[in-house]
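Listed here are the chains, written in short residue letters.
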Amino acid sequence: MELRPFKVGPINRLQIARFGCAVRDFNPIHFDDEFARSAGLPSVIAHGPLTASLVLDGIVAQIGVDRLRGFEARFTAPVLPGDELEVAPTEGGVEARNSQGQVVLVAKVHLKA
Amino acid sequence: MDESVKGKVLFEVEDVLSPQQIETLAAAIGTSAGKETATLVPYFGPSIAGERALVDALNIDLRKALLGTQSYEWVRPFRPGERVRVKVYVDDAYTKGNLRFATVVSEFKDEQGELICRQRTVFIEREG
């Protein structure tokens, strides 16, 4: 599998709201800053599956949907509104870093034979 | 988090994947490939039965919970307008140190009972 590096974002609150509506995930940690701060976060955060979907989208843009068999994403840090991610290919997958260079997602990508 | 739910089916639901849902998701993704990508990820299994269903079933404290992993295994992309049957169950639940883990599996099948997609979601809840 040969993937090129790509960028995601900056991620915005409207994307987070739309994603929450589309998948019916209304956890207040994605919508309510006060609630998010009470959980120790600086603001609301993107849904993990939104971050995964955005990274996956960069892969789909390169290889399409039909070759994909699986995607295993591990979330290593919260993604905040305004974050722009740099996604780089790794052995067997991709890794996404935020503007501070912190890894936020590590994923394996499985292709059909 | 309630570890006694290990092995339990949390909910089974039927849903029709509306074209509008794909459009909303594509708009959230916001790229030229978004509509195609949306056919891979139109659902988040744990939230498919409504806002509180999983939270109440697992007794999760949302202020202490986070998502550890989200995995997708596809047989094929979803098709806008198709009816899907979804089963969501707890594959594992355990405590390690001061963290509680729950692995929730969501299986999406078509009307013929053929698997479309399987999602595996790991929730982590901090103690205290």
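All values reported here derive from a predicted model rather than from experimental measurement. (Residues numbered from 1 in each chain as written. Chains lettered and ligands numbered in written order. Predicted model: local features only at pLDDT ≥ 70, side-chain atom pairs only at ≥ 80, totals over all residues.)

Caption draft 1: Region of the structure containing the overall build of chain A. Each helix and strand counted, chain A has 3 helices and 5 strands in total. Reading the secondary structure of chain A in the N-to-C direction produces β-α-α-α-β-β-β-β. Its C-alpha atoms give chain A principal-axis dimensions of about 45 × 30 × 20 Å. Looking at chain A residue by residue over its 113 residues, the buried ones come to 44%. Within chain A, counting contacts between residues at least 6 apart in sequence, those at least 24 apart form 63% of the total. (Helix = DSSP H or I, 4+ residues; strand = E, 2+ residues; numbered from the N terminus. Buried ≥ 20, exposed ≤ 12 C-beta atoms within 10 Å, placed from the backbone. Contact = placed C-beta atoms within 7 Å.)

Caption draft 2: Molecular detail of the sheet that holds strand S3 (residues 83–96) of chain B. One open sheet holds the 10 strands; their spatial order is S1(A)-S3(A)-S4(A)-S5(A)-S2(A)-S2(B)-S5(B)-S4(B)-S3(B)-S1(B), and the pairing between them is antiparallel. Across the chains shown, the open sheet's two edge strands, defined by having one partner strand only, are strand S1 (6–8) of chain A together with strand S1 (9–16) of chain B. Along the sheet, successive strands turn relative to each other by an average axial angle of 20°, direction set aside. Two elements, strand S2 (residues 68–75) of chain A and strand S5 (residues 103–111) of chain A, share 7 bridges in a ladder whose sense is antiparallel. Paired with Leu68 of chain A across the bridge in S5 of chain A is Leu111 of chain A. Here helix H3 (residues 48–63) of chain A sits on the sheet in contact with S1, S2, strand S3 (85–90), strand S4 (93–97) and S5 of chain A together with strand S2 (65–74) of chain B, set at roughly 55° to S5 of chain A. (Pairing = 2+ DSSP bridges. Axes fitted to C-alpha atoms, helices over the stretch in contact; angles between N-to-C directions.)

None of the figures reported here should be taken as evidence of function without further support.
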